[in-house]
Amino acid sequence: MDLGVRWKLHGDGRTPAPGAVVRPDERLSWPRTAGLGAQHVVAMFGASFVAPVLMGLDPNLAIMMSGVATVVFLLATRGRVPSYLGCSLSFVGVAAVIRADGGSSATVTGAVFVVGAALFLAGLAVRRFGARIIHAAMPPVVTGAVVMLIGFNLAPVTASTYWPQDQWTALFVMLFTGLAVVCLRGFWSRIAIFLGLIFGYVLSWAQDRILGPIHSADASGKVTDHWRLDLSAVGRADWIGLPDFHGPSFEWSAILVALPVVIALIAENAGHVKAVGEMTGDDLDGKLGTAISADGVGSMLSTAVGGPPNTTYSENIGVMAATRVYSTAAYWAAAGFALLFGLCPKFGAVVAAIPGGVLGGITVILYGMIGLLGAQIWLNAKVDLRNPLNLVPAAAGIIIGVGNVSMEFTDTFSLSGIALGTVVVITGYHALRAFAPAHLKTQKPLLDEGTSSYDTGGSEEDQRAKS
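Read on for a plain summary of the structure. (Residues numbered from 1 in each chain as written. Predicted model: local features only at pLDDT ≥ 70, side-chain atom pairs only at ≥ 80, totals over all residues. Heavy atoms only, no water.)

**With respect to the overall build of the protein**
Reasoning step 1: Helix and strand content of the protein: 21 helices and eight strands.
Reasoning step 2: For the protein, with 467 residues in total, the buried portion stands at 54%.
Reasoning step 3: Pairs at least 24 apart in sequence give 79% of the contacts found in the protein among residues at least 6 apart.
Reasoning step 4: Carbon and sulfur atoms provide 65% of the accessible area of the protein, an area that totals close to 19,900 Å². (Helix = DSSP H or I, 4+ residues; strand = E, 2+ residues; numbered from the N terminus. Buried < 20%, exposed > 50% of the residue type's maximum accessible area, 1.4 Å probe, protein only. Contact = heavy atoms within 4.5 Å. Areas by Shrake-Rupley, 256 points an atom, 1.4 Å probe, with all protein chains shown as cover.)

**Section: the nonpolar core**
Reasoning step 1: The biggest cluster of nonpolar side chains holds 97 residues, and the ones touching the most others in it are Val50, Ile134, Leu288, Ile362, Tyr367 and Trp378.
Reasoning step 2: A total of 10 residues in this core trace back to one element, the largest contributor, which is helix H13 (residues 261-280).
Reasoning step 3: Sequence-distant contacts of Val50, that is, excluding residues within four places in its chain, are made with Leu89, Ile193, Leu197, Ile362 and Leu366.
Reasoning step 4: Counting residues in each nonpolar core, the second largest holds five residues, with Val22, Leu28, Val325 and Ala330 among its members. (Core = buried A, V, L, I, M, F, W, Y, C linked by side-chain atoms within 4.5 Å.)

**Things to note about the packing of helix H19 (residues 388-403) against helix H20 (residues 417-435)**
Reasoning step 1: Between H19 and H20, the least distance of the axes is 7 Å, while the angle of their chain directions is 165°. Viewed along their axes, H19 and H20 adopt a mutual orientation that is roughly antiparallel. Here H19 runs over H20; the crossing is right-handed. Between H19, through Leu389, Asn390, Val392, Pro393, Ala394, Ala396, Gly397, Ile400 and Gly401, and H20, the contact on the second element is made entirely by Gly417, Ile418, Leu420, Gly421, Val424, Val425, Gly428, Tyr429, Leu432 and Arg433.
Reasoning step 2: Across the contact of H19 with H20, the residue classes tally to 12 nonpolar, six polar and one charged. (Axes fitted to C-alpha atoms, helices over the stretch in contact; angles between N-to-C directions. Parallel < 35°, antiparallel > 145°, perpendicular 65-115°, else oblique. Left-handed = near helix turned anticlockwise from the far one by under 90°. Nonpolar A, V, L, I, M, F, W, Y, C, P; charged D, E, K, R; others polar.)

**Some thoughts on the environment of Ala381**
Reasoning step 1: By the element assignment, Ala381 lies in helix H18 (residues 356-381).
Reasoning step 2: On the basis of relative accessible area, Ala381 is assigned to the buried category, the value being 2%.
Reasoning step 3: As for Ala381 and Pro139, which are separated by 242 residues in sequence, their C-alpha atoms are 9.3 Å apart.

**Brief notes about the pattern of salt bridges**
Reasoning step 1: Within the structure shown, the criterion is met by four salt bridges.
Reasoning step 2: Between Asp384 and Arg386 there is a salt bridge; the shortest N-O distance is 3.0 Å.
Reasoning step 3: Here Asp384 falls in the partly exposed class, since its relative accessible area comes to 26%.
Reasoning step 4: Residue classification places Arg386 among the exposed residues on the basis of a relative accessible area of 73%.
Reasoning step 5: Each of Asp166, Asp208 and Arg228 takes part in salt bridges that share partners, so that together they form one network. (Salt bridge = Lys/Arg side-chain N within 4 Å of Asp/Glu carboxyl O.)

**Some details on helix H14 (residues 288-304)**
Reasoning step 1: Helix length check: H14, at 17 residues, gives a terminal C-alpha distance of 24 Å against a target of 24 Å (1.5 Å per residue), a fit within 8%.
Reasoning step 2: Most of H14 sits out of view: 13 of its 17 residues are buried. (Expected span 1.5 Å × (residues − 1).)

**Describing the side chain of Thr311**
Reasoning step 1: Mapped onto the elements, Thr311 comes out in strand E6 (residues 310-312).
Reasoning step 2: Of the polar contacts made by the side chain of Thr311, one reaches the side chain of Asp295; its length is 3.5 Å.
Reasoning step 3: The residues contacting Thr311, other than those within four sequence positions of it, are Tyr84, Leu85, Gly86, Ser88, Leu265, Glu268, Asn269 and Asp295. (Polar contact = N/O pair within 3.5 Å; in protein donor to acceptor, adjacent residues only side chain to side chain.)

**Focus on unusual backbone geometry**
Reasoning step 1: Of note in the backbone geometry, Arg78 takes a positive phi value of approximately 55° without being a glycine.
Reasoning step 2: Structurally, Arg78 can be placed in the loop between helix H2 (59-76) and strand E3 (85-87).
Reasoning step 3: For Arg78, a relative accessible area of 36% gives the class partly exposed.

**Thoughts on the packing of helix H10 (residues 192-211) against H18**
Reasoning step 1: Direction vectors running N to C along H10 and H18 enclose 155°, while the axes themselves pass 9 Å from each other. Comparing the axis directions of H10 and H18 gives the class roughly antiparallel. Crossing geometry of H10 relative to H18 is assigned as right-handed. Packed against H10, whose contacting residues are Ile193, Gly196, Leu197, Gly200, Tyr201 and Ser204, the element H18 presents Val358, Ile362 and Leu366 at the interface.
Reasoning step 2: In terms of residue class, the contact of H10 with H18 is built from six nonpolar, three polar and no charged.

Here's what the structure looks like:
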């Protein structure tokens with residue numbers, strides 16, 4: 001069985017010729033491949049640092065399991081889809097809602113484990129029936145609205161938890177990160193979040209030395225005098241050791257909050273596979289279902305031991321675009337580095353020490369960007385919001401999601417925020433479409449961003465038969 005773990009040496013293994021690309025089944029020399037792997041790790045560090053910290057999970061375990069998930073993905077796709085699976089930011093809002101309702105880390109990972117299982121099943125359905133099944137259940141107007149309400153539902157987390165801890169540091173970090181995203185080019189723009197974290201870290205350290213402790217809310221919300229950057233845990237942490245493992249706990253209320261995120265993950269995977277296919281020149285339509293299922297398995301493995309969920313990372317697409325090296329050997333090297341980082345508790349302590357004000361400045365941009373990805377889906381799919389069939393369910397669902405509207409069905413069961421907003425968007429759209437006049441249904445069906453060509457691609461079995 002070809003698992004995609006054999007690579008031909010590209011040229012002399014040193015520097016590719018001008019304009020040449022290193023294909024997924026090729027590699028450079030092993031030292032250069034290791035260097036490229038390290039570069040991929042750095043590219044994913046920014047978001048992979050932030051995600052577990054915001055979700056209240058162990059960053060060491062998160063980095064380690066991202067390496068495991070990447071290996072699973074590469075084996076499942078047989079080395080044809082060069083991708084890194086890093087910690088997903090789509091679940092940050094879900095974790096905040098679950099914890100606000102009294103849920104523990106086990107409750108968070110249990111809910112996300114179920115989402116991973118749902119993603120795995122969705123991938124199997126795409127393998128069997130083709131990607132048109134995605135459009136049938138979740139057309140772009142629905143997908144865009146759900147992604148938007150997931151992102152904007154996070155706004156109160158920044159406003160009430162992180163920003164008040166150090167408003168001036170948050171402001172400066174926000175400005176620096178914004179400038180990095182806009183003004184830097186190539187690889188550096190792809191790690192703008194990571195650069196913003198470093199800037200905030202150094203700024204907080206300098207303010208502590210120059211200005212002394214700050215009088216503000218700490219991480220628990222209590223207003224007190226405290227250091228902006230507390231490195232006491234770093235000194236106590238060991239250099240080598242295992243991360244903190246824990247098993248998941250399953251609660252229906254938490255699961256219902258988390259399930260809508262599967263829509264965002266399907267959209268992310270579809271866009272990622274299409275983008276990689278266009279970059280490498282390979283027809284990867286038949287690998288979409290496999291990629292979605294592999295992402296689901298990776299998330300299930302991670303959350304089963306207490307880590308966060310994973311998803312394909314666009315930051316690493318940027319690295320490939322800048323280097324024109326698409327070798328999956330580099331991703332195996334990146335996974336190896338991630339596993340090593342996960343075995344260093346001191347590294348995790350450094351990540352966990354990120355000041356709240358720094359996270360405030362980062363999340364202002366990050367959460368907004370997540371929400372606006374929903375608008376990007378609408379734009380790419382040419383969704384007509386003048387059409388009331390599109391406008392009404394999207395408008396209602398977004399307000400419910402952003403405003404965290406709650407609906408109690410019984411004394412023990414209720415839906416609110418992300419879960420209720422998603423239900424309203426999906427059921428509202430399909431119910432209205434069933435009764436809408438014909439002239440409101442004339443918009444040509446399109447899939448999510450970058451996936452319109454899948455509409456006629458058929459299932460993976462059909463793809464194999466054609467080839």
